[in-house]
Amino acid sequence: QVQLVESGGGLVQAGGSLRLSCAASGSTFSDYAMGWFRQAPGKEREFVAAINWSGAITYYTDAVKGRFTISRDNAKNTVFLQMNSLKPEDSAVYYCASRRRFYRNAARERNEYAYWGQGTQVTVSS
């Protein structure tokens, strides 16, 4: 069982930056891959970024490539999402998610992730 707690969301103007954090507990952090998803009102939860167990492999949805960076610190059991050049269409609740233990490869599909945080709101004003 993995527990995930996100932080770092907030209100920012278009063009600004935010850094989301997700602290994990309950299992050896380097044993599994992590991902970030987001859900805007009236829309389905969508993939944003993923990272493998070591941090060497990352995936991004096209809409955030070049603006967002996912990273992880296995010593601190934390995954990050650095978001730059934010746009109003980035506004959503952002969720971090973890794969099951020993599933170390990064993945883009929601159903590949077993554990989810409670979400943190990101609002980008125009």
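Scope of this entry: the structure provided in the associated data block. Since the model is a prediction, treat every value here as computed from it, not as a measurement. (Residues numbered from 1 in each chain as written. Predicted model: local features only at pLDDT ≥ 70, side-chain atom pairs only at ≥ 80, totals over all residues. Heavy atoms only, no water.)

### Concerning the sheet that holds strand β8 (residues 78-83)
To summarise the sheet geometry, strands pair through backbone hydrogen bonds and adopt either a parallel or an antiparallel arrangement. Note the following rule: Strand pairing is assigned whenever DSSP identifies at least 2 bridges connecting the two strands. Strands here are runs of E lasting at least two residues and helices are runs of H or I lasting at least four, both read from the DSSP assignment and numbered beginning at the N terminus. Orientation is described by lines fitted to C-alpha atoms, with helices fitted over the stretch in contact, and by angles between N-to-C directions that extend from 0 to 180 degrees.
Pairing in this open sheet of four strands is antiparallel, and the strands run β1-β3-β8-β7 from one edge to the other. The open sheet has two free edges, formed respectively by β1 (3-7) and β7 (68-73), since each of these has just one partner strand. Sheet twist, expressed as the average angle between the axes of neighbouring strands with direction ignored, equals 15°. Direction of pairing for strand β3 (residues 18-25) relative to β8: antiparallel, over a ladder of six bridges. Looking at the pairing, L18 lines up with M83 of β8.

### Notes on the packing of aromatic side chains
Cut-off, in case you're wondering: Classification of ring pairs uses Phe, Tyr and Trp, with its six-membered ring standing for Trp, and accepts pairs whose centres are within 6.5 Å; under 30 degrees between planes counts as stacked, over 60 as edge-to-face, and the remaining range as tilted. Buried, partly exposed and exposed residues are distinguished by accessible area as a fraction of the type maximum, computed with a 1.4 Å probe on protein chains only: under 20%, between the cut-offs, and over 50%, respectively.
The full count for this structure, using the stated rule, is five aromatic pairs. Centre to centre, the rings of F37 and F47 are 5.7 Å apart; their planes meet at 75°, and the pair counts as edge-to-face. Of this pair, F37 sits in strand β4 (residues 34-39) while F47 sits in strand β5 (residues 46-51), placing them 10 residues apart in sequence. When its relative accessible area of 0% is taken as the criterion, F37 is described as buried.

### Remarks on the pairing of strand β11 (residues 120-125)
Residues T120, V122 and V124 line the buried face of β11, whereas the alternating positions Q121, T123 and S125 sit on a face that is not buried. Bridge count between strand β9 (residues 92-98) and β11: three bridges; the pairing is antiparallel. Looking across to β11, one finds that A92 is bridged to V122.

### Focus: the environment of N105
The following threshold applies: Here a residue-residue contact requires only that any non-hydrogen atoms of the pair lie within 4.5 Å.
With respect to the helices, strands and loops of the structure, N105 is situated in the loop between β9 and β10 (115-116). Under the relative-accessibility criterion, N105 is labelled exposed at 56%. Each C-alpha atom of the pair N105 and T58 lies 9.5 Å from the other, and the pair is 47 residues apart in sequence. Not counting the four nearest positions on each side in its chain, N105 is found in contact with A33, N52 and R99.

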